[in-house]
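# Residue-level structural notes
Here is what each chain is made of, one letter per residue.
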Amino acid sequence: MTSLEDRDRWQAVEAGEPIEPDAQPEAHDEKKEKVRKYKILNQFARKGQTVLVGSSLMEFFPIHELLQRHEHECCIYNRGIAGYVTAELLESIEACIFELEPSKVFINIGTNDISAPDYRLERLLANYDEILTRIAERLPDCRVYVMAYYPVNAKVEFPYVPRSSMEEVFQRRTNEAIREANIAIERLASKHRYLFIDVNEGLTDAEGNLKEEYAVDGIHMLPNGYAVVLNNLLKYL
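What you are looking at is a predicted structure, and each value in this text was computed from that prediction instead of being measured.

### What to know about the environment of Ile-183
Along the chain, Ile-183 falls in helix α10 (residues 175–191). On the basis of relative accessibility, which here comes to 44%, the residue Ile-183 falls in the partly exposed class. When the C-alpha atoms of Ile-183 and Phe-196 are compared, they prove to be 9.8 Å apart, with 13 residues separating the residues in sequence.

Set out below in structure tokens:
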């Protein structure tokens, strides 16, 4: 904006005149900002490596730190984005997957779809099917691992997390809904001849809930929970 335009803008504000919408700055979008950063990082990345993609459950996976105690050398790029649903991954699939030309892709996407007020399993599957179809077309030699959704714990009240803030999410994001979705995406993976992997062994208590000691808020996990996941995941890396 030029100094003249800036002066005119402030004069309009002082006069109580409305400002045209296109003159207002675009609201910050954290998801778009992460995609922008990933696109820049991709320019420095090695091709043909391993990519993790999905929502916050993938973005918050501290895999690089956890791998330090394992004798397992591999190059991993985490392209998870907190809050992502399947439709958003479709929109940014170029930056999150294709620009890296990976040899392996691990996907965990869809739990935010389940949490949505208008959730329909059929729509989740349609978007997921399109994601896998595009990968097959663009990266025919890539090994794709469709990860089972993690369990939740809606029974415990966790420190620093008001119970009321989670109630609406837990109305839809139940372990029953997760099990139903896992069965469906396992079939979808088989359709595309990709491997469905359930790396949840050791995460649940006797009632099938995410163990309290592994949970931040009943949905997201602490590093010790991810350590269990990694132990189950190692053979695929």
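Anyway, onward from the coordinates.
### A closer look at the packing of aromatic side chains
All told, the structure shown has four aromatic pairs when counted by the stated rule. Their ring planes at 20 degrees and their centres at 4.9 Å tell us that Phe-61 and Tyr-226 sit as a pair that is stacked. Taken together, the residues span a long stretch of sequence, with Phe-61 in the loop between α3 (56–59) and α4 (63–66) and Tyr-226 in helix α11 (residues 223–233) at a distance of 165 residues. Residue Phe-61 is classed as buried on the basis of its relative accessible area, which comes to 3%. Judged by its relative accessible area of 1%, Tyr-226 falls in the buried class. When the centroid spacing of 6.5 Å and the interplanar angle of 85 degrees are considered together, the rings of Tyr-150 and Tyr-226 count as edge-to-face. With a gap of 76 residues between them, Tyr-150 in the loop between β4 (143–147) and α9 (163–172) and Tyr-226 in helix α11 connect regions that are remote in the sequence. Comparing Tyr-150 with Tyr-226 shows no difference in burial state: the two are buried.

### Structural notes on the side chain of Asn-200
Along the chain, the position of Asn-200 falls in the loop between β5 (195–197) and α11. At 2.9 Å, the side chain of Asn-200 forms a polar contact with the backbone oxygen of Tyr-149. Setting aside its immediate chain neighbours within four residues, Asn-200 contacts Ala-148, Tyr-149, Tyr-150, Pro-151 and Asn-232.

### Regarding unusual backbone geometry
Leave glycine aside and you will find that most residues have negative phi; peptide bonds, for their part, are mostly trans. Notably, Glu-101 is not glycine yet its phi reads approximately 45 degrees, a positive angle. By the element assignment, Glu-101 lies in the loop between α6 (93–96) and β3 (104–108).

About the cut-offs
- Each chain carries its own residue numbering, running from 1 in the direction its sequence is written.
- Totals for whole chains, interfaces and linings use all residues, but because this is a predicted model, local features are given only for residues with pLDDT of at least 70 and pairs of side-chain atoms are given and counted only at 80 or more.
- Think of the side-chain values as coming from all heavy atoms in the structure, minus any hydrogens and water.
- To qualify as a helix, a DSSP run of H or I must reach at least 4 residues; to qualify as a strand, a run of E must reach at least 2; elements of each kind are numbered from the N terminus.
- Each residue's exposure class comes from its accessible area (1.4 Å probe, protein chains only) as a fraction of the maximum for that residue type: buried when under 20%, exposed when over 50%, partly exposed otherwise.
- For Phe, Tyr and Trp, rings pair up if their centres lie within 6.5 Å, where Trp contributes its six-membered ring, and each pair is then called stacked (planes under 30 degrees apart), edge-to-face (over 60) or tilted (otherwise).
- N or O atoms within 3.5 Å of each other form a polar contact, as long as, within protein, one can give a hydrogen and the other can take it, and as long as residues adjacent in sequence are counted only when both atoms are side-chain atoms.
- Here, residues are in contact when the closest pair of their heavy atoms is within 4.5 Å.

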